[in-house]
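Listed below are the residues making up each chain.
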Amino acid sequence: NKEISISILNNIDSFYNLIKIVNKDRYKIDKSLTEKQFFALSELKRHNKMELKNLSTQLHVSTSSLCILLNKLVEKKYVYREEDKRDRRNTFYGITKEGLEVFDEQVMKFVDVIDEKIDKLSMEDKHKLLICMNDIGEIIGKIIIGKYRK
């Protein structure tokens, strides 16, 4: 298990660096969303509407930082804000139609940047990468939801 844990840790660092590089290249092409704004919209798209506290937890950012980020997205009309009618201390955020459109455009820009990087690989490496990524996604999913085999 230690060997696997060390390998995961090392590869997390590599994935993180790849995300940073790809996002930097995407941002050069189109500056409509920062990395944090992109991932905030991604979570809102996944959940439709979320309470500020829960979104903050999912994104691993403070509620105060997230509030500033969301206010900018509200100004751009990518996100809407809704107060809880039962408890005004709770605020919900959801993605708008415009937000969905911008998010989907940004996803395609990410795909284009990644595609450009993958294009430099040999066919054999591309095939290995596809198989490995599918396997990793499935296994990591099991780890995240806690489906361990004992």
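Look up a bit, the structure's there.
Residues numbered from 1 in each chain as written. Predicted model: local features only at pLDDT ≥ 70, side-chain atom pairs only at ≥ 80, totals over all residues. Heavy atoms only, no water.

> Help me out: how do you make sense of the nonpolar core in this one?
Side chains that are nonpolar tend, in soluble globular proteins, to be buried together. Judged by nonpolar contacts, the single largest core of 22 residues is most densely connected at Leu-41, Leu-44, Leu-70, Leu-73 and Val-79. Once you skip the residues sitting within four places of it in the chain, Leu-73 turns out to touch Leu-33, Gln-37, Ala-40, Leu-41, Tyr-78 and Val-79. (Core = buried A, V, L, I, M, F, W, Y, C linked by side-chain atoms within 4.5 Å. Buried < 20%, exposed > 50% of the residue type's maximum accessible area, 1.4 Å probe, protein only. Contact = heavy atoms within 4.5 Å.)

> I tried to follow the pattern of salt bridges on my own but got confused; where do I start?
Side chains bearing opposite charge may pair, as long as their charged atoms lie close to each other. For the coordinates displayed, the defined rule picks out 10 salt bridges. Measuring nitrogen to oxygen at the nearest pair gives 3.0 Å for the salt bridge that ties Glu-35 to Lys-20. Within this pair, whereas Glu-35 is found in helix H2 (residues 35-47), its partner Lys-20 is found in helix H1 (residues 2-29), the two being separated by 15 residues in sequence. With its nearest N and O atoms 2.8 Å apart, the salt bridge here joins Asp-104 to Lys-45. Within this pair, whereas Asp-104 is found in helix H5 (residues 97-118), its partner Lys-45 is found in helix H2, the two being separated by 59 residues in sequence. Salt bridges linked by common partners bring Asp-25, Lys-28 and Lys-117 together as one network. (Salt bridge = Lys/Arg side-chain N within 4 Å of Asp/Glu carboxyl O. Helix = DSSP H or I, 4+ residues; strand = E, 2+ residues; numbered from the N terminus.)

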